[in-house]
Amino acid sequence: MNRPFALLGFLLPALALAQSPIINISGAKFRPVPLAAPAPMVADASARASTEDFDAALMLDLNVLGIFQVLERKGFLADTKEGLTAASIQFNRWADVGAEALVKTQLSRQGETLRAELRLFNVGAAKEELKLSEEVPADQPRRLAHKLADALYKHYTREPGPFASSRIAYVRKAGDAREVWVADWDGSNAQSVVRSGLNLLPALAPGSGAVAYTSYASGQPDIYLTRLGNRASPLVKRGRMATGVAFSPDGQRIAYSLSEGEGAQLWVADADGSNARKVTDTPSMINSSPSWSPDGKRLAFVSNRFGNPQVFVMNADGSGVQRLTYQGNYNQTPDWSPRGDLIAFTARDERNAFDLFTVEVATRKVTRLTQDQGNNEEPVFAPNGRLIMFTSTRDGGKRLYVMTTDGQSQVPLPVDKGTFYTPSWGRVGGR
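Below: a short report on this structure. Remember, it's a predicted structure, so these values are computed and weren't measured experimentally.

### Describing the sheet that holds strand 18 (residues 287-292)
In step 1: Taking strand neighbours across the sheet as the criterion, the four strands line up as 18-19-20-21 in an open arrangement whose pairing is antiparallel. The sheet is open, and its two edges are formed by strand 18 and strand 21 (322-323), each paired on a single side.
In step 2: Note: strand 18 against strand 19 (residues 298-303), four bridges, orientation antiparallel. Across the sheet, Asn287 pairs through a bridge with Ser303, a residue of strand 19.

Listed below in structure tokens is the structure:
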């Protein structure tokens, strides 16, 4: 959704930024920054109604990013009336609770515009490190928080944040129906795509906001494409079971699985479904769940060509097939990180429980991310490759969770309990 609201504030001058430490998340010496984030202040009474949603979203973002140790507010010692500027802050009181960084926010409202000012302080140096201001329509306080969290993440890592410019799609059970929904990354502002019938495996088209999904609307599984508010149209309608559509990172191509006799083969086509060509040819074997590499040159997929389902990679034209997983006898739902280094997948262990793993593409090293917390399935990377969303039954039902790529900071999304399936997480341009 295009919004005419631009960034109002900017980072400190280049010299000050150069003096700030850069967090290497992948480094062996990585340590989360102890961060204090007191409740937001308000510059005018009209902004007060937005503070609860804004604060909840900001705290969620800070906790799941994985680079902060967010300190409990109940232990704060500073005066609650402390101001927004360095001159008004008693830094020793923040140091006493273990904070190395302090984030202050203030909301204000003018008409239908909500504005937030953020200031980040180095507690030990008693110095302001970052100052910025953002604004959004007044009915989007959570989106405002996501923009600030992204700015903090970029300040510390020099990498883009995963929140404000991304959306998710997912399937939700509603009686006998399986509905497709899209929402902001945290599940807020959810909108239905299709609410009747059996609909499966949604995929967000990069940058456009379009959603593709498998539907039994015609009585057999075909792949449809739609944009919110528009009527869905067939994307792949071949008279055979078509499932698991995946868009290439540039949005120019799709890959999908098409049934063939007792098996299923992978196909690659242009984004409108034209120029389709088969890229696997293993009669009576099942090839499914394609996922593109970030450069669009390769595909990860699942195949049972050697017996049990395992994760493979190949060139997008079907050449150069390589088996990637050898551990376990039931590996499925691969998702290739936008960073290119990892593929996340679901595996069934020796107790018939489903858990999440990653495999390094270069070395085939497998790392377990979840264990002894119900069934955990269907991983999908954030657009910046630093977080993974998945489904879990650990709290009853089947909910959406998010965690870092090493399995830390596993947090449920703040949505109503229900039964959720197959999230897709993509960047949406212009939001």
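### Some words on the sheet that holds strand 9 (residues 191-194)
In step 1: Taken in spatial order, the four strands line up as 9-8-7-30 in an open sheet, and their pairing is antiparallel. Of all the strands in the sheet, just strand 9 and strand 30 (420-427) have a single pairing partner and so form its edges. Pairs of neighbouring strands in the sheet enclose a mean axial angle of 25°, with direction left out of account.
In step 2: Bridge count for strand 7 (residues 166-174) against strand 8 (residues 177-184) is eight bridges, and the pairing is antiparallel. Looking at strand 8, one finds that Arg172 is bridged to Glu179.

### Thoughts on the nonpolar core
In step 1: Counting residues in hydrophobic clusters, the biggest one holds 52 residues, and the most contacted among them are Phe68, Leu120, Trp185 and Trp425.
In step 2: With eight residues, helix 4 (residues 141-157) is the single largest residue contributor to this core.
In step 3: The contact partners of Trp185, leaving out residues within four places of it in the chain, are Leu60, Asp61, Val64, His146, Phe163, Ser166, Arg167, Ile168, Met389, Val402, Leu413 and Trp425.
In step 4: In this structure, Ala205, Ala210, Ala212 and Leu225 belong to the second largest nonpolar core, which totals 16 residues.

### With respect to the packing of helix 2 (residues 51-64) against helix 4
If you want to describe how two helices pack, look at the angle between their axes and the distance between the axes.
In step 1: For the pair helix 2 and helix 4, interaxial distance at closest approach is 8 Å and the crossing angle is 35°. Here helix 2 runs over helix 4; the crossing is right-handed. Between helix 2 and helix 4, the residues in contact are Asp53, Phe54, Ala56, Ala57, Leu58, Leu60, Asp61 and Leu62 and Pro141, Arg142, Leu144, Ala145, His146, Leu148, Ala149 and Leu152, respectively.

### Focus on the environment of Phe312
In step 1: As for its placement among the helices and strands, Phe312 is situated in strand 20 (residues 310-315).
In step 2: Given the relative accessible area of 1%, Phe312 is considered buried.
In step 3: Separated by 25 residues in sequence, Phe312 and Asn287 have C-alpha atoms that sit 9.6 Å apart.
In step 4: Those residues in contact with Phe312 that sit more than four places away from it in its chain are Leu299, Ala300, Phe301, Ser303, Arg305, Phe306, Val321, Gln322, Arg323 and Leu324.

### A few points about the environment of Glu112
In step 1: Within the element layout of this structure, Glu112 appears in the loop between strand 4 (101-110) and strand 5 (113-122).
In step 2: Residue Glu112 is classed as exposed on the basis of its relative accessible area of 60%.
In step 3: Among all residues touching Glu112, those that are not within four sequence positions of it are Val136, Pro137 and Ala138.
In step 4: Reaching out from Glu112, the side chain makes a polar contact with the side chain of Arg109 at a distance of 3.4 Å.

### Quick notes on helix 2
In step 1: Given a rise of 1.5 Å per residue, 14 residues ought to cover 20 Å, and the 20 Å separating the end C-alpha atoms of helix 2 matches this to within 8%.
In step 2: The buried count for helix 2 comes to ten of 14 residues, which makes it a mostly enclosed element.
In step 3: Along helix 2, the residues that are buried comprise Thr51, Phe54, Asp55, Ala57, Leu58, Met59, Leu60, Asp61, Leu62 and Val64.
In step 4: In the segment just after helix 2, Gly66 is the residue with positive phi, at about 85°.

### Observations regarding the pairing of strand 10 (residues 199-204)
In step 1: Summarising the sheet, strand 10 and strand 11 (residues 211-215) pair through four bridges and their orientation is antiparallel. Bridge pairing links Asn199 to Ser215 in strand 11.
In step 2: In this antiparallel pair of consecutive strands, strand 10 and strand 11, the connection spans six residues, and Gly207 shows a positive phi of 80°.

### Some words on the side chain of Arg119
In step 1: Mapped onto the secondary structure, Arg119 falls in strand 5.
In step 2: Among the polar contacts listed, one links the side chain of Arg119 to the side chain of Glu128, at a separation of 3.3 Å.
In step 3: Not counting the four nearest positions on each side in its chain, Arg119 is found in contact with Leu84, Thr85, Leu102, Val103, Lys104, Glu128, Leu130 and Lys131.

### Some remarks on the pairing of strand 4
In step 1: Among the ten residues that make up strand 4, seven are buried, leaving the element largely enclosed by the rest of the structure.
In step 2: As defined by bridge partners, strand 1 (residues 33-36) adjoins strand 4 across two bridges and the pair is classed as parallel. Bridge assignment links Ala36 to a residue of strand 4, and that residue is Leu102.
In step 3: As judged from the two bridges shared by strand 2 (residues 41-42) and strand 4, these two strands associate in the parallel manner. The residue of strand 4 that forms the bridge with Met41 is Gln106.
In step 4: Pairing of strand 4 with strand 5, which is carried by ten bridges, proceeds in the antiparallel orientation. Across the sheet, residue Leu102 finds its bridge partner in strand 5, namely Phe121.

### Some remarks on the environment of Ala362
In step 1: Following the sequence through the fold, Ala362 ends up in the loop between strand 24 (354-360) and strand 25 (366-368).
In step 2: For Ala362, a relative accessible area of 77% puts it in the exposed group.
In step 3: Spatially, the C-alpha atom of Ala362 lies 13 Å from that of Ser293, the residues being 69 residues apart in sequence.

### Observations concerning the side chain of Thr51
In step 1: Mapped onto the elements, Thr51 comes out in helix 2.
In step 2: Each residue touching Thr51, except ones within four places of it in the same chain, is listed here: Pro40, Val42 and Leu107.

Each value, and the rule that gives it
- Residues numbered from 1 in each chain as written.
- Predicted model: local features only at pLDDT ≥ 70, side-chain atom pairs only at ≥ 80, totals over all residues.
- Heavy atoms only, no water.
- Pairing = 2+ DSSP bridges.
- Helix = DSSP H or I, 4+ residues; strand = E, 2+ residues; numbered from the N terminus.
- Axes fitted to C-alpha atoms, helices over the stretch in contact; angles between N-to-C directions.
- Core = buried A, V, L, I, M, F, W, Y, C linked by side-chain atoms within 4.5 Å.
- Buried < 20%, exposed > 50% of the residue type's maximum accessible area, 1.4 Å probe, protein only.
- Contact = heavy atoms within 4.5 Å.
- Left-handed = near helix turned anticlockwise from the far one by under 90°.
- Polar contact = N/O pair within 3.5 Å; in protein donor to acceptor, adjacent residues only side chain to side chain.
- Expected span 1.5 Å × (residues − 1).

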